[in-house]
Amino acid sequence: MNQATLTFDKVSDPKVVITLQGSWTVNGVLPALDQLSALPDYDQLKTVAFISGDDFSWDSRLLAWLLACQRMLEPSHCQLDLSGLPEDVRDLFRLANTVPPNKALPDRNPSLLHRLVDRVARLGDEAMELLAFIGELVLSLCRWLSRKGSARWSDIISFCHQSGPSALPIITLQSVLIGMILAYLGMVQLRQFGAEVYVANLVGVGMVREMGALMTAVIMSGRTGAAYAAQLGTMQVNEEIDALTTLGIKPMDYLVLPRTLALILTIPLLCLYSNILGMLGGGLVANSMDITWLMYLYQLQDAISFGDIMTGVAKSFLFALMIAMAGCRAGLACGRSSAAVGQATTNAVVTAIIYLVVADAGLNILFYHLGI
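All of the points below concern the structure found in this document. What you are looking at is a predicted structure, and each value in this text was computed from that prediction instead of being measured.

### Details of the layout of surface pockets
Logical step 1: Considered as a void within the structure, the largest pocket measures approximately 560 Å³ in volume.
Logical step 2: Forming the boundary of the largest pocket are 21 residues, of which Glu126, Glu129, Arg329, Asn347 and Thr351 lie nearest the centre.
Logical step 3: If you list the elements that add at least two residues to the lining of the largest pocket, you get α4 (112–145), α11 (306–332) and α12 (338–370).
Logical step 4: The leading source of residues in the lining of the largest pocket is α12, at nine residues.

### Remarks on the pattern of salt bridges
Logical step 1: Throughout the structure, instances matching the rule amount to nine salt bridges.
Logical step 2: A salt bridge links Glu210 to Lys315; the nearest nitrogen and oxygen atoms lie 2.9 Å apart. One end of the pair, Glu210, is in helix α7 (residues 199–237); the other, Lys315, is in helix α11, and 105 residues separate them in sequence. Taken as a pair, Glu210 and Lys315 share a single burial class, namely buried.
Logical step 3: For Asp242, the salt bridge identified is with Arg336, shortest N-O distance 2.9 Å. With a gap of 94 residues between them, Asp242 in helix α8 (residues 240–246) and Arg336 in the loop between α11 and α12 connect regions that are remote in the sequence.
Logical step 4: Three or more residues are tied together by salt bridges with common partners; here these are Glu126, Glu129 and Arg329.

### Regarding helix α9 (residues 251–287)
Logical step 1: Between its first and last C-alpha, α9 extends 52 Å over 37 residues, near the 54 Å set by a 1.5 Å rise per residue.
Logical step 2: Maximum bend of α9: about 35 degrees, positioned at Leu257, with proline Pro258 one to four residues after it.
Logical step 3: Most of α9 sits inside the fold, with 27 of its 37 residues counted as buried.

### Quick notes on the packing of α7 against α11
Logical step 1: As a packed pair, α7 and α11 sit with axes 8 Å apart at the nearest point and diverge in direction by 20 degrees. In terms of axis orientation, α7 runs roughly parallel to α11. Considering the relative orientation of α7 and α11, their crossing is right-handed.
Logical step 2: Here the contact of α7 with α11 is composed, by residue class, of 14 nonpolar, nine polar and four charged.

### Digging into the environment of Gly204
Logical step 1: Among the secondary structure elements, Gly204 is positioned in helix α7.
Logical step 2: When neighbours within four sequence positions are excluded, Gly204 is seen to be in contact with Met279, Leu300 and Ile304.

### Here's the deal with the nonpolar core
Soluble globular proteins tend to pack their nonpolar side chains together in the buried interior.
Logical step 1: Residues Met220, Leu263, Phe319 and Ile323 are the most contacted members of the largest nonpolar core, which totals 41 residues.
Logical step 2: With ten residues, α9 is the single largest residue contributor to this core.
Logical step 3: Leaving out residues up to four positions away in the same chain, Ile323 has contacts with Ala217, Met220, Ser221, Gly225, Leu263, Ile267 and Leu356.
Logical step 4: Formed by 25 residues, the second largest nonpolar core is a distinct cluster that contains Phe50, Leu62, Leu80 and Val89.

### Section: the side chain of Arg259
Logical step 1: The topology assignment puts Arg259 in helix α9.
Logical step 2: If we skip the residues at most four places from it in the chain, Arg259 touches Phe159, Tyr228, Gln231, Leu232 and Cys328.

### Quick word on the packing of aromatic side chains
Logical step 1: Within this structure, the stated rule accounts for four aromatic pairs.
Logical step 2: Between Phe159 and Tyr228, the aromatic rings sit 6.1 Å apart at their centres with planes inclined by 75 degrees, giving edge-to-face as the arrangement. With Phe159 in helix α5 (residues 153–163) and Tyr228 in helix α7, this residue pair connects regions lying 69 residues apart in the sequence. With respect to class, Phe159 is no different from Tyr228; both count as buried.
Logical step 3: Here the guanidinium or amino end of Arg259 rests over the ring plane of Tyr228, the centre of that ring lying 5.6 Å away.

### A word on unusual backbone geometry
Logical step 1: Positive phi outside glycine occurs at Glu239, with the angle close to 65 degrees.
Logical step 2: Tracing the sequence through the fold places Glu239 in the loop between α7 and α8.
Logical step 3: Here Asp290, not a glycine, exhibits a phi torsion of approximately 70 degrees, which is positive.
Logical step 4: Following the sequence through the fold, Asp290 ends up in the loop between α9 and α10 (293–303).

### Things to note about a nonpolar patch on the surface
Logical step 1: Taken together, the side chains of Ile170, Leu173, Leu177, Ile181 and Leu185 present a nonpolar region at the surface, about 470 Å² in accessible area.
Logical step 2: Assignment of secondary structure puts Leu185 in helix α6 (residues 168–190).

### Overview of the pairing of strand β4 (residues 47–52)
Logical step 1: Note: strand β2 (residues 15–21) against β4, six bridges, orientation parallel. Within β4, the residue paired with Val16 across the bridge is Val48.

### Thoughts on the side chain of Asp155
Logical step 1: Residue position: Asp155 is located in helix α5.
Logical step 2: Overall, the relative accessible area of 15% leaves Asp155 in the buried class.

### Remarks on the state of the cysteines
Logical step 1: Under the defined criterion, the tally for this structure stands at zero disulfides.
Logical step 2: The structure places no disulfide on Cys142, whose sulfur is separated from the nearest cysteine sulfur, that of Cys328, by 18 Å.

### Brief notes about the environment of Thr311
Logical step 1: Along the chain, Thr311 turns up in helix α11.
Logical step 2: Using a relative accessible area of 4% as the deciding quantity, one classes Thr311 as buried.
Logical step 3: Apart from the residues lying within four places of it in its own chain, the contact partners of Thr311 are Arg209, Phe367 and Ile372.
Logical step 4: Here the side chain of Thr311 touches Gly307 through a polar contact of 2.7 Å, landing on its backbone oxygen.

Basis of the calculations
- Residues numbered from 1 in each chain as written.
- Predicted model: local features only at pLDDT ≥ 70, side-chain atom pairs only at ≥ 80, totals over all residues.
- Heavy atoms only, no water.
- 1 Å grid on protein atoms, 1.4 Å probe; cavity = no way out; pocket = protein on both sides within 12 Å on 5 of 7 lines; lining within 4 Å.
- Points joined across faces, edges and corners; volume = space filled by probe spheres on them.
- Helix = DSSP H or I, 4+ residues; strand = E, 2+ residues; numbered from the N terminus.
- Salt bridge = Lys/Arg side-chain N within 4 Å of Asp/Glu carboxyl O.
- Buried < 20%, exposed > 50% of the residue type's maximum accessible area, 1.4 Å probe, protein only.
- Expected span 1.5 Å × (residues − 1).
- Bend = angle between axes of the 7 residues up to and from the residue.
- Axes fitted to C-alpha atoms, helices over the stretch in contact; angles between N-to-C directions.
- Parallel < 35°, antiparallel > 145°, perpendicular 65-115°, else oblique.
- Left-handed = near helix turned anticlockwise from the far one by under 90°.
- Nonpolar A, V, L, I, M, F, W, Y, C, P; charged D, E, K, R; others polar.
- Contact = heavy atoms within 4.5 Å.
- Core = buried A, V, L, I, M, F, W, Y, C linked by side-chain atoms within 4.5 Å.
- Phe/Tyr/Trp six-rings, centres within 6.5 Å; stacked < 30°, edge-to-face > 60°.
- Lys NZ or Arg CZ within 6 Å of the ring centre and 35° of its normal.
- Patch = residues over 30% accessible without salt bridge, like charges linked within 9 Å, V, L, I, M, F, W, Y side chains within 5 Å.
- Areas by Shrake-Rupley, 256 points an atom, 1.4 Å probe, with all protein chains shown as cover.
- Pairing = 2+ DSSP bridges.
- Disulfide = S-S within 2.5 Å.
- Polar contact = N/O pair within 3.5 Å; in protein donor to acceptor, adjacent residues only side chain to side chain.

Put into structure tokens, the structure is as follows:
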């Protein structure tokens, strides 16, 4: 194998002709660029022309060497003439220079206005992506109802078990404790007026209208929503979602819709279960403070209406949809690394909680003005 060499033939003062000989490949040793800078009158050169010798061979290593030569000659505004090289070399060199390098450095200290505009623009993009996701989910539901989708009942039942019975222990614990906390807080204030018996009203209305649905949704967002994001994110890393798309299976039908339907079916039931246990926890506190179970149950019956119960259940349906959307969106948008799976899980939980708080506040305002 002939070693790559340079032969200089100076034609005129502003131009030098260089003959490339030998093997200009990855297996050889290429000449150093210092040979060009060592030429006499290097600063006055305007054109460097390259021609190929008889035993000349090349591969992509030659292109890298020519690009490095071009960058070295840029300060002196010297041009490269490759007309004496093979046509393939000229085409690849032209392709490499089609898009100029981005030399603009990012602004490391953007102004407050610039950061505000950028944040608003990102919020706008986020809103559009959310609307697009909702639209795809609605279309997937329509396909499933018309029996044209690929969602399977076996998957829905499996996800119902994961998000329903498997969540009962943590829901039981948090519901009883929340009921006890509400009872203790109410008892401290009501005792000043000798109206301790009305603690049942506080616990009952607070659980069925607000705390039962909201706290159940928060627990499920950290438990099930994060699990959905991790599952879909891992599938994204393993390219399983790409494989489903290649096979003509829509990920929205096969992966997202079963998880969403499972949460919509189970969270309202968990909300009712949480309401009962919350009132039971409040009754334990009331009974320890000389309020009999009969008095407590009578006050609950008098304080809670069917409309109050349905208000909490209606909230839970919306909360279930938001948890599923946050978890599945984060999983489908996951990157291709293990770190991206963790980030997707965190985004799912944070986004779901933000959705829940905003939706709960909006619903409470709406119910107040509607007199519900």
